[in-house]
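What follows is each chain in one-letter form.
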Amino acid sequence: DSGVTQTPKHLITATGQRVTLRCSPRSGDLSVYWYQQSLDQGLQFLIQYYNGEERAKGNILERFSAQQFPDLHSELNLSSLELGDSALYFCASSVVTGGNTEAFFGQGTRLTVV
Amino acid sequence: LAKTTQPISMDSYEGQEVNITCSHNNIATNDYITWYQQFPSQGPRFIIQGYKTKVTNEVASLFIPADRKSSTLSLPRVSLSDTAVYYCLGVENQGGKLIFGQGTELSVKP
């Protein structure tokens, strides 16, 4: 158990809908990362937050948004869903952000868009 | 941010030592080299990290030559449960963005 909790574990929704994925980082971790993993794309970095502020942005679509709340949990919002958004979404957390970072990953949310 | 190159796949047998080499020619002075392991449908798990020379923990060893343009993850006496994808990352000292490449799919056979 990494200590990072993601909910829900599975989500099935229809095209055009909007969903929210939730991540609770390990106690004391200030940094949260979001990743998307589909079969043909590998692990794609989406966005990173540090202590409530956006720190880095990757290949995140405009239909997707995220935030980190004062209690440090984070949410990833996916809207106008398309079939191609079906993937495993991982959240990770770390104490700090830097070169010697050890990130801890949650078990992921499997999103299926039908 | 260091771009890394690894073999797509490797095969091994139980009990053998496995060495996975990662190339990172444009690694920056302050970048660390970090390796993660991922099993199917699970989140990646940190294995080992280093800046230069050799680092060893209970799971693996990491060898980084003086020029730091490559690194080698060494897994001693692998077992079937070591079958996984192994990722090499160059992590910025400022920012710490974690960018995963294709990874190496290691298959351990009995």
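Residues numbered from 1 in each chain as written. Chains lettered and ligands numbered in written order. Predicted model: local features only at pLDDT ≥ 70, side-chain atom pairs only at ≥ 80, totals over all residues. Heavy atoms only, no water.

Novice: Kindly report on the sheet that holds strand E1 (residues 9-13) of chain B, identifying the contributing residues and their values.
Specialist: Residue and element names in this part refer to chain B. Here we have five strands laid out as an open sheet, ordered E1-E9-E8-E3-E4, and mixed in their pairing. Each edge of the sheet is formed by a strand with only one pairing partner; in this case those strands are E1 and strand E4 (45-50). Sheet twist, expressed as the average angle between the axes of neighbouring strands with direction ignored, equals 25°. Two elements, strand E3 (residues 32-38) and strand E8 (residues 84-91), share seven bridges in a ladder whose sense is antiparallel. Each residue of the ladder has a partner; that of tyrosine 36, found in E8, is tyrosine 87. (Pairing = 2+ DSSP bridges. Helix = DSSP H or I, 4+ residues; strand = E, 2+ residues; numbered from the N terminus. Axes fitted to C-alpha atoms, helices over the stretch in contact; angles between N-to-C directions.)

Novice: Describe the interface of chain A and chain B, and please don't skip the residues or the numbers.
Specialist: Contacts between chain A and chain B engage 22 residues on the former and 20 residues on the latter. Between chain A and chain B, the buried area comes to about 1600 Å², and carbon and sulfur atoms account for 52% of it. Viewed at the interface, chain B and chain A are joined by zero salt bridges. Scanning the region where chain A abuts chain B turns up four residue pairs in polar contact (both at pLDDT 80 or more). (Contact = heavy atoms within 4.5 Å. Buried area = accessible area lost by both parts, 1.4 Å probe. Salt bridge = Lys/Arg side-chain N within 4 Å of Asp/Glu carboxyl O. Polar contact = N/O pair within 3.5 Å; in protein donor to acceptor, adjacent residues only side chain to side chain.)

Novice: An account of the sheet that holds strand E5 (residues 53-56) of chain B is needed here, citing residue identities and associated values.
Specialist: Residues and elements named next belong to chain B. Reading across from one edge, E2-E7-E6-E5 is the order of the four strands in this open sheet, with antiparallel pairing throughout. Pairing within the sheet leaves two strands with one partner each, and these edge strands are strand E2 (18-23) and E5. The average undirected angle you get between the axes of adjacent strands in this sheet is 15°. Taken together, the six bridges between E2 and strand E7 (residues 70-75) define a ladder with antiparallel strand orientation.

Novice: Give me unusual backbone geometry: which residues, what numbers.
Specialist: In the segment running from threonine 7 of chain A into proline 8 of chain A, the intervening peptide bond is cis, with an omega of -10°. Within the secondary structure, proline 8 of chain A sits in the loop between strand E1 (5-7) and strand E2 (10-13). In this structure, asparagine 51 of chain A takes a positive phi of about 50° despite not being glycine. Relative to the helices and strands, asparagine 51 of chain A resides in the loop between strand E5 (42-50) and strand E6 (53-57). On the basis of relative accessible area, asparagine 51 of chain A is assigned to the partly exposed category, the value being 46%. You will see that arginine 77 of chain B, though not glycine, has its phi angle at about 45°, which is positive. Position of arginine 77 of chain B relative to the elements: it lies in the loop between E7 and E8. Note on arginine 77 of chain B: relative accessible area 64%, which makes it exposed. (Buried < 20%, exposed > 50% of the residue type's maximum accessible area, 1.4 Å probe, protein only.)

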